[in-house]
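What follows is the residue order along each chain.
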Amino acid sequence: MRIYELAKQLGVDSKELIKKLKALNFPVKNHMSVIDKDTAEIIKHEVEELDKKEIEENVIEVDFPITIKDLATKLGRKPSQLLSDLFKKGKMFTINQNLDKKTAQGIAYEYKVNLKAKPTQEEQILQAGSKNVKKRAPIVTLMGHIDHGKTSILDYIRKSKLTNQETGGITQHIGAYQLNLSKGKISFLDTPGHETFTQMRARGASITDIVIIVIAADDGIKPQTIEAIDHAKAADVPIIVAINKIDKANANVDMVKQGLSKHDLVPEDWGGRTTAVEVSATKGTGIDELLDLILLQAEVMELKADFDRPAIGVVVEGRLSKGKGALATVLVKEGTLNSGQWCVCGKYGGKIKAMHDDLGNVQNKIYPSEPIEILGLNGVPAPGDKLMVVPDEKTAKEIMKKRQEEEKKKKITPVTHLRLEDLHKKVKQGEIKKLKIILKADVGGTLEAVEGALAKIPSKEVELSIVHKGVGLINSSDILLAEVSDAIVVGFKVTTDSQARSSAKKKGIEVRTYHIIYELIDDIRAALEGLLTPHIKKTFMGRARVKAVFNVSKSGVIAGCQVEKGKILRGAPCHLIRGNSVVFEGKIETLKRFKNDAREVKEGYECGIDLGFDKIREGDYVDVFGQEVISRKL
Ligand code: GTP
Ligand code: MG
């Protein structure tokens, strides 16, 4: 093959190609030079890579959205040319019409330009940096089931390690503090639970370096332990297990280890890779070992931060104090935080009036990995909100205003997460490779059955991954985890609790519940194959509680109910719920107000319901749904 032929294939001028080949160390004489086929292939590839790199480096910064006219100016072209390019692709635009980021970038790419968004004021502040990068302390969060001893472990560590011990109890002001051990520093967070942890992640603030899962040896692995493990796994944070309360007579460490093995956390002494240490928070047994393990893990992670730049931090907790106003416990991630500086924190901000540590002492300078409570914000921020020091009041106010506007916008157009119908499209576009599922079922047996059936679905392109599974109602922790992992929630013979229902709606998380296993499996299989047919989306309409059950010889059983939420509609599809399970799925066959037939009965009123199901019991709930057909969006 001759060079001019290759140039033609690549759509470039021979001269240009010869120049490029020189740069790539493939010197050729002229456009008539001959090269063999293999060399041509290599050259082709390298030239393409070079082009890509050139475009990558040819950056022009603009504000999005951008009009055709402005884009043309930036690219040094005539607007008419861009319009005709777009027209050729079947897109009609006018000169003053705004282009979104993707479209504008696509056009720019054809002109070998890498179009980037201009950094905002915020980004400029965040990008500022010095070179004083130093080792920082690990940030460790304790999670686990209620009462398993998280706070006790921290209390023991604090009391035993405090150098100038005060007499009597030490009051802890904030649920975060840093310990200064002879071997190194460690920052601890005693959060109310895994939800705060995940909430922080949901806001893009993964601050924890290491998670300690606390499990009481006398109680074993509980549902919230599993949730905590799965939340930590989803966050990809190293886990250390602390098996607590080993001083108790009924402590059963082996039982805990066995349970851990079932959750892919096989302890090291059982041949696995999970570090598990046996401790007693009351006696102090094993605590030193736990601290050593934390420091060892931190050493491996080589945690570093820039100590000199303007501080950036994350809110761990916010509260309103009667006398002091808004207070926020913040962990500094980078830089040094000084009293008196202006800052923005979530959508609030202010000048830092004072800073207090966990013992209530006033501090003036806070370094990376250190927690502190700050005073001076004009509102209470939420966990996960980011704190950022800004140069002055004016900048603080501008950023706050922008964030508040953004929040308003977000409220109008809620973000939507993955929907099963869109799965195949997203896979095809290379946006996702895994279908992540949070699976809930009524009892352990059905959970296993569903899991087993899911595992048997053949899937070539998409990997099915169960981020979390559990028994019981779909709760807000599930929704939160789905939000951060971009998972969908699948329930089998369970319903969604009301808090979770509203947060799923707000966040655009897909929750699908089923009562027939084949339907569940078919839907997932169809979604994986991109063949999911339009499905009927059930929207919650109302709930009634069964107060009494009457046997009416002629028509079976009538349930005397009280409408507790929304309304009940005759003919509407419904679920009969007992405890955490759906025991029957059908529709409201008959609806009565006193003796008369009714079309609907509203919240607060009593009614008689016939479901055509005679095993209905007092204390059951009837949930009624509206139906809406959702078409496939392929
Ligand atoms: P929540 O914050 O409510 O989720 O609980 P927690 O995990 O922080 O548990 P907490 O430290 O409050 O301990 C619960 C109870 O267990 C308390 O009564 C502790 O005294 C007791 N406890 C904690 N650790 C131990 C231990 O090692 N041995 C014994 N015997 N009791 C312990
Ligand atoms: Mg506690």
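For the structure, check the block above.
Residues numbered from 1 in each chain as written. Chains lettered and ligands numbered in written order. Predicted model: local features only at pLDDT ≥ 70, side-chain atom pairs only at ≥ 80, totals over all residues. Heavy atoms only, no water.

Peer 1: Now, about the site of ligand 1: what can you tell me, with residues and values included?
Peer 2: Taken together, 15 residues are adjacent to ligand 1, and Thr-151, Ser-152, Asp-247, Ala-281 and Thr-282 come closest. Thr-151 is positioned with one of its side-chain polar atoms (N or O) 2.8 Å from an oxygen atom of ligand 1. Take Thr-282: an N or O atom from its side chain is 2.8 Å from a nitrogen atom of ligand 1. For ligand 1, the protein covers 68% of the area, taking 650 Å² as the surface of the free molecule. It is helix α8 (residues 150–161) that provides the largest number of residues to the shell around ligand 1, a total of 3 residues. Residue composition of the shell around ligand 1, grouped by class: 2 nonpolar, 8 polar and 5 charged. (Near = heavy atom within 4 Å. Polar contact = N/O pair within 3.5 Å; in protein donor to acceptor, adjacent residues only side chain to side chain. Areas by Shrake-Rupley, 256 points an atom, 1.4 Å probe, with all protein chains shown as cover. Helix = DSSP H or I, 4+ residues; strand = E, 2+ residues; numbered from the N terminus. Nonpolar A, V, L, I, M, F, W, Y, C, P; charged D, E, K, R; others polar.)

Peer 1: Describe the environment of Glu-529, naming the residues involved and giving the relevant values.
Peer 2: By the secondary structure assignment, Glu-529 is in helix α18 (residues 517–529). Glu-529 gets classed as partly exposed once you look at its relative accessible area, which sits at 40%. Residues Glu-529 and Lys-425, spaced 104 residues apart in sequence, show a C-alpha to C-alpha distance of 10.0 Å. (Buried < 20%, exposed > 50% of the residue type's maximum accessible area, 1.4 Å probe, protein only.)

Peer 1: Account for the packing of aromatic side chains, with residues named and values stated.
Peer 2: For any pair of aromatic rings, the description consists of the separation of the ring centres together with the inter-plane angle of the planes. Following the criterion strictly, the structure yields 4 aromatic pairs and no others. Look at Phe-584 and Phe-613: their rings are 4.3 Å apart centre to centre, the planes differ by 15°, and that puts the pair in the stacked class. Of this pair, Phe-584 sits in strand β28 (residues 581–587) while Phe-613 sits in the loop between β32 (606–610) and β33 (621–630), and the two are 29 residues apart along the sequence. Residue placement shows Lys-134 over the ring face of Phe-307; its charged tip is 4.6 Å from the ring centre. Directly above the ring of Tyr-177 sits Arg-158, whose terminal nitrogen or CZ lies 4.9 Å from the centroid. (Phe/Tyr/Trp six-rings, centres within 6.5 Å; stacked < 30°, edge-to-face > 60°. Lys NZ or Arg CZ within 6 Å of the ring centre and 35° of its normal.)

Scope: geometric values only; no functional claims are made or implied.
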